[in-house]
Structure formats: C-alpha cells, structure tokens
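Letter by letter, the chains look like this.
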Amino acid sequence: MDMQNLKPAQGSRKQGTRVGRGAGSGLGKTSGRGHKGQMSRSGAKKRANFEGGQTPLHRRLPKFGFTNIFKKEYQIVNLVDLARCEGTEITPETLQAAGLIKRTNVPVKILGNGTVDKAYTVKAAAFSRPAKARLEEAGGKAEVV
C-alpha cells in the first residue's frame, strides 16, 4: 500500500442526502422544509438569541451596576512576602525580580498580612494602615512613590 492507493475505511464516509429529486425519493417537492414560513426560504437564518418576535430576555431585564472610571488598579503584595526579596530596600523592581509582581508600570499596594522581621525601606504606590504600622514598628519605613 502506498499514498496514491489510500482510501477511507469502509462505512466511515456517508454520502449527503439528495433532496428535491422527485416524489418517489421521499424528499421531493418542498425537500423536507415544510410549507411556507421563515425556515422554508433559502438563506434563512435566526440569530442566536431570537425568540420568535417576542421581546428577547436581554431587553426584558433591567440594566444594573456601573463601571467606576476613577478606580485604581493595584498589584497586591503582603508583608509576609517581603522576606522573599533580597536586601532591605524594596522597590517595584526588586518585587518583580522576586516574582511577587508581574509588571512595574502598574502601581503596587502593600497589605498588612503577616509580620516583618527586618527593618525594610519599602517604596510603593500605596500602603494599608496595618502594613504601614507594622513596617514602622519593626524599624523600617513606608515611602509612597
């Protein structure tokens, strides 16, 4: 057997139904489409959310919520994770090098989960109150950049 003699397996390929080939075929005249109506016409399609002319669900239900255009997005780092950084001065660049944040162009917020064992000088865009208190309690500084 070689490439030019390859054939599909027996029974794996089925021929399409030939419609509109006389009354004796069982699919003559209207070709199984019934009489009149939208789906009997050629090119007939219905949208995915079409409900037969009834007002669709997405228009019957009220709108809700809003998007706050002034919302600030922060990358979050907890105090417990600061031990993974080398040195005592921590900047967004050192956080990225330690794998704690992905990008340096998105502001970083330090949260107070965990304890601090060293006097770190942390430079970030924002600090939670407990995080700032714990950093200063350990002899470190929280600098807003």
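The structure this text deals with has already been given above.
Note that this is a predicted model, so its numbers are computed, not measured.

Check the secondary structure of the protein and you find three helices and six strands. Rg of the C-alpha trace for the protein: 34 Å, well past the compact-globule value of 15 Å for 145 residues, more than 25% over. If one aligns the C-alpha atoms of the protein with their principal axes, the spans along those axes are about 95 × 60 × 25 Å. Within the span of the protein, comprising 145 residues, buried residues form 21% of the whole. Excluding contacts between residues fewer than 6 apart, the proportion of contacts in the protein whose partners are at least 24 apart in sequence is 36%. Approximately 11,900 Å² of the protein is accessible, and the part contributed by carbon and sulfur atoms is 50%. With 27 positive and 11 negative side-chain charges, the protein shows a spacing of 28 Å between the two charge centroids.

Let us now look at the sheet that holds strand E2 (residues 89–90). Strand order across the open sheet formed by three strands is E2-E4-E6, with parallel pairing between neighbours. Lying at the two open borders of the sheet, with one neighbouring strand each, are E2 and strand E6 (141–144). Pairing geometry for strand E4 (residues 121–124) and E6, over four bridges, is parallel. Paired with Ala124 across the bridge in E6 is Val144.

With that settled, the discussion passes to the sheet that holds strand E3 (residues 108–111). Pairing is parallel across the open sheet formed by three strands, whose spatial order is E1-E3-E5. The sheet terminates laterally at strand E1 (75–78) and strand E5 (126–127), the two strands that pair on one side only. Relative to E3, E1 is paired through four bridges, and the arrangement is parallel. The partner of Asn78 across the bridge, within E3, is Leu111.

As enumerated under the stated definition, the model contains three salt bridges in all. The salt bridge involving Arg60 is made with Glu51; its shortest N-O contact spans 2.8 Å. Arg60 gets classed as partly exposed once you look at its relative accessible area, which sits at 45%. The salt bridge partner of Glu89 is Lys123, with a shortest N-O separation of 3.5 Å. Of this pair, Glu89 sits in strand E2 while Lys123 sits in strand E4, and the two are 34 residues apart along the sequence. According to the relative accessible area criterion, Lys123 is partly exposed, its value standing at 25%.

What counts and how
- Residues numbered from 1 in each chain as written.
- Predicted model: local features only at pLDDT ≥ 70, side-chain atom pairs only at ≥ 80, totals over all residues.
- Heavy atoms only, no water.
- Helix = DSSP H or I, 4+ residues; strand = E, 2+ residues; numbered from the N terminus.
- Rg over C-alpha atoms; globule rule 2.2 N^0.38 Å.
- Buried < 20%, exposed > 50% of the residue type's maximum accessible area, 1.4 Å probe, protein only.
- Contact = heavy atoms within 4.5 Å.
- Areas by Shrake-Rupley, 256 points an atom, 1.4 Å probe, with all protein chains shown as cover.
- Lys, Arg positive; Asp, Glu negative; His and termini not counted.
- Charge placed at Lys NZ, Arg CZ, Asp CG, Glu CD.
- Pairing = 2+ DSSP bridges.
- Salt bridge = Lys/Arg side-chain N within 4 Å of Asp/Glu carboxyl O.

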